[in-house]
Each structure stands twice: as C-alpha cells, then as structure tokens.
Amino acid sequence: MPETVNDLYGDAERARMSVILPTDKYETIRAVVRRLRRQTIRNQLEIVIVAPAGPLELDESELEGFAGVRVVRVESLRAIGAARAAGVRAAQAPLVFIGETHSYAHPTWAEVLIEAHSGPWAAVVPGFGNANPVGMLSWSLFLLDYGSHLYSLPPRETMIAPIHNVAYKRQVLLELGNELDGALSHGDQLMVVFRARSHRTYFQPAARIDHLNVARLAPWISDRFQVGVLIAARRAHRWSVLRRVAYVLASPLIPAVLLMRASTGARQALRDGGLPPGTFLGMAAGTIITAL
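Residues numbered from 1 in each chain as written. Predicted model: local features only at pLDDT ≥ 70, side-chain atom pairs only at ≥ 80, totals over all residues. Heavy atoms only, no water.

A. Summary view of the overall build of the protein chain. For the protein chain, the count of helices and strands is eleven helices and ten strands. For 292 residues, the compact-globule estimate of 2.2 N^0.38 gives 19 Å, and the C-alpha radius of gyration of the protein chain, at 19 Å, lies within 12% of that figure. Considering only C-alpha atoms, the protein chain reaches an extent of 50 × 45 × 40 Å along its principal axes. Expressed as a percentage of its 292 residues, the buried residues of the protein chain come to 48%. (Helix = DSSP H or I, 4+ residues; strand = E, 2+ residues; numbered from the N terminus. Rg over C-alpha atoms; globule rule 2.2 N^0.38 Å. Buried < 20%, exposed > 50% of the residue type's maximum accessible area, 1.4 Å probe, protein only.)

B. Geometry of the environment of Arg235. Within the secondary structure layout, Arg235 lies in helix α8 (residues 217-238). On the basis of relative accessible area, Arg235 is assigned to the buried category, the value being 15%. Among the polar contacts made by the side chain of Arg235, one reaches the side chain of Tyr247 at a distance of 2.6 Å. (Polar contact = N/O pair within 3.5 Å; in protein donor to acceptor, adjacent residues only side chain to side chain.)

C. Summary view of helix α1 (residues 26-37). Burial in α1 covers these residues: Tyr26, Ile29, Arg30, Val32, Val33 and Leu36. Where α1 is buried, its residues contact β2 (17-22), β3 (45-52), β6 (103-105) and α3 (109-116). (Contact = heavy atoms within 4.5 Å.)

D. View of a nonpolar patch on the surface. Among the surface-exposed residues, Phe225, Val229, Ile288 and Leu292 lie close enough to one another that they form a single nonpolar patch of about 410 Å² accessible area. Looking at the element boundaries, Phe225 is found in helix α8. (Patch = residues over 30% accessible without salt bridge, like charges linked within 9 Å, V, L, I, M, F, W, Y side chains within 5 Å. Areas by Shrake-Rupley, 256 points an atom, 1.4 Å probe, with all protein chains shown as cover. Salt bridge = Lys/Arg side-chain N within 4 Å of Asp/Glu carboxyl O.)

E. How the structure looks around the pattern of salt bridges. Counting across every chain of the model gives 13 salt bridges. In this structure, Glu179 engages Arg197 in a salt bridge whose closest nitrogen and oxygen atoms are separated by 3.6 Å. Of this pair, Glu179 sits in the loop between α5 (170-174) and α6 (180-183) while Arg197 is found in the loop between α7 (189-196) and β10 (201-211), placing the two residues 18 residues apart along the sequence. A residue is classified by how much of its surface remains accessible, and Glu179, at 38% relative accessible area, is partly exposed. Several salt bridges share partner residues, and in doing so they unite Glu27, Arg30, Arg34, Asp59 and Glu62 into one network.

F. Up close: the nonpolar core. Counting 78 residues, the largest nonpolar core has Met17, Trp109, Tyr168, Leu190 and Phe194 as the members making the most contacts within it. The residues contacting Met17, other than those within four sequence positions of it, are Gln44, Leu45, Glu46, Ala93, Leu95, Val96, Phe97, Trp109, Ala110, Leu113, Ile114 and Ala167. (Core = buried A, V, L, I, M, F, W, Y, C linked by side-chain atoms within 4.5 Å.)

G. How the structure looks around the packing of helix α4 (residues 136-146) against helix α10 (residues 254-273). Contact geometry of α4 with α10 gives a least axis separation of 8 Å together with a crossing angle of 120°. By the criterion of interaxial angle, the relationship of α4 to α10 is oblique. Remark: the crossing between α4 and α10 carries right-handed chirality. Across the interface between the two elements, Trp139, Leu143 and Leu144 from α4 touch Leu259, Ala262, Gly265, Ala266 and Ala269 from α10. Of the residues in the contact of α4 with α10, the class split is seven nonpolar, one polar and no charged. (Axes fitted to C-alpha atoms, helices over the stretch in contact; angles between N-to-C directions. Parallel < 35°, antiparallel > 145°, perpendicular 65-115°, else oblique. Left-handed = near helix turned anticlockwise from the far one by under 90°. Nonpolar A, V, L, I, M, F, W, Y, C, P; charged D, E, K, R; others polar.)

H. A look at the pairing of β10. With nine of its eleven residues buried, β10 lies for the most part within the structure. The pairing of strand β7 (residues 123-130) with β10 spans eight bridges and is classified as parallel. Among the inter-strand pairings, Val125 is bridged to a residue of β10, identified as Phe203. Here strand β8 (residues 156-158) pairs with β10 via three bridges, running antiparallel. Residue pairing in the sheet places Glu157 in a bridge with Tyr202 of β10. (Pairing = 2+ DSSP bridges.)

I. Summary view of unusual backbone geometry. Phi angles above zero are rare outside glycine, and Glu57 is one such case at about 55°. By secondary structure assignment, the location of Glu57 is in the loop between β3 and β4 (68-74). Residue classification places Glu57 among the exposed positions, given a relative accessible area of 63%. Positioned with a positive phi, Asn165 is a non-glycine residue whose angle comes to about 60°. Note on placement: Asn165 falls in the loop between β8 and β9 (167-169). Judged by its relative accessible area of 0%, Asn165 is buried.

Now the structure itself:
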C-alpha cells in the first residue's frame, strides 16, 4: 500500500516541531497525546500519526489546540524505520521528534527542545526519567538504554544518541534520501551517518521526557535479546565479512563497553535517590544477553 496523508487540520506556518507517532490505533498513544496537550507551546506542535490501514478511532476532542494533525497511512509498522520516515516526509515543521507510544513529555519539554535547536545541532536529545521506577528490572533496562542521557546530568555535546525520542532538523533527515528508512530503523547507522557528515548532536536534560520500561522477567529477557539481534542485523548488512569476524572475536568485551556507557547515569541515579537492590546485577545480565 502506498503512503497516504490526510489532514485532520493544519497550519504549517504555526508548526515549529512535528511529533511523529507510529501506532496501531489512537488508544495506544492516548496517554502520550494527553501529555503533549499540556505543553507550554502546544499550539506550535504538529502531531503526525503514522498507522496501517484500519480504524484509528481518533478522539478529535483531544487533538484540538495543536498547530496541526496529520494521519499517514503505511502498509505496516513492522518496518518501523520506513514508518518513521513516512512521518518525517509528511511533517510540515522544520523540526521533527521521533516519538514512541510509551514516552511521556513534561510540560516545558517541547519549548526547551525547540530553543536548543537554535544552536548548531542536527539533533537534540532530551533528558530521560524513569516512568515506572519500581524494581530492578525497570531500572536496569532504563539505565542501559537511557542512562547516559539521564535528566539530572549536565547538558553537553554528545556522540551517542538513540534513534527515537530525539528531535531532529527535518531537512537534515530528508537529505539522507533513500537511506532514511534504514537510518531510522535500529542500531547506530544514523549516528554513523551524522558523524560522517559532521552533523552535531546536543544533550539538553532540561527537556525532560519519562520513558516506560519493561518490568517483567520474560519480556525483559526478550527485549534485551531482540535489541542485540536488531543491532547486529543492521551492522551485518553494512559491514564486510572480515569486520564481522573481528567483531565476533571481540564480542566478550561488549558487556564491559555497554556497562561503561551506562555507568555515568547509574552513578547519578544513585546520587539522586538510590536504586533498587540488584539493579547493577540486572544491568550486567542485560548486557550479556544483548551481547549473545
């Protein structure tokens, strides 16, 4: 099915940032939209909902007050990079934020992100908080994925960023052309491209967003394993056989590298108020599963 775009309503001139939300139906993103409604500059945000064919069951009363709302229809969300890219292409604002169904913005989040983009940055990473800070499984996963961008760390230029939950200058992404779908999928391809093109990324912790994490054992193990599979698949696609063999031989070092990246955030979280017992053990186990 080719991509189709429908305007619920829109004012491209007012929109300063478009929030891209891939979802199966509106109910899945209802809590996210409700947080976006509380933004201090809600009337400068465009909501771009990316969904496959089928009833969305939009609640138009909750979508009022934004600069615009667009619905982009795609064949499937399985190719998540392609779905995100479709949203970027359909967006009308100069900035785009690649959102998730389980990340919840604080009221000044958008305002601070947009202000940060007045600097020489291709991308700005917000500060992350834990949306379900109960138990070591939630905390260990959160720190492994977002610990280096904890909201209580100082702002800085960064060489590492997640693909989603980041605000980009839309034109920078569009310049990737046919590479955009893959770059917005999984792994580190986007940051590799950014570094090759001398694009710079900034971490602004004052733009806080809270991330909901897996907190049950079986899904937690599956999550850590699937993360490793997806990253490996993207790298294997673009790496030579020799480089892949070298990486396999060096793979026992992967857990140490991942733990080192997360260590700054983990120490800060301890200072902020402590962590549940077993968090560091969970982090170590998670890195081993991902490495496997």
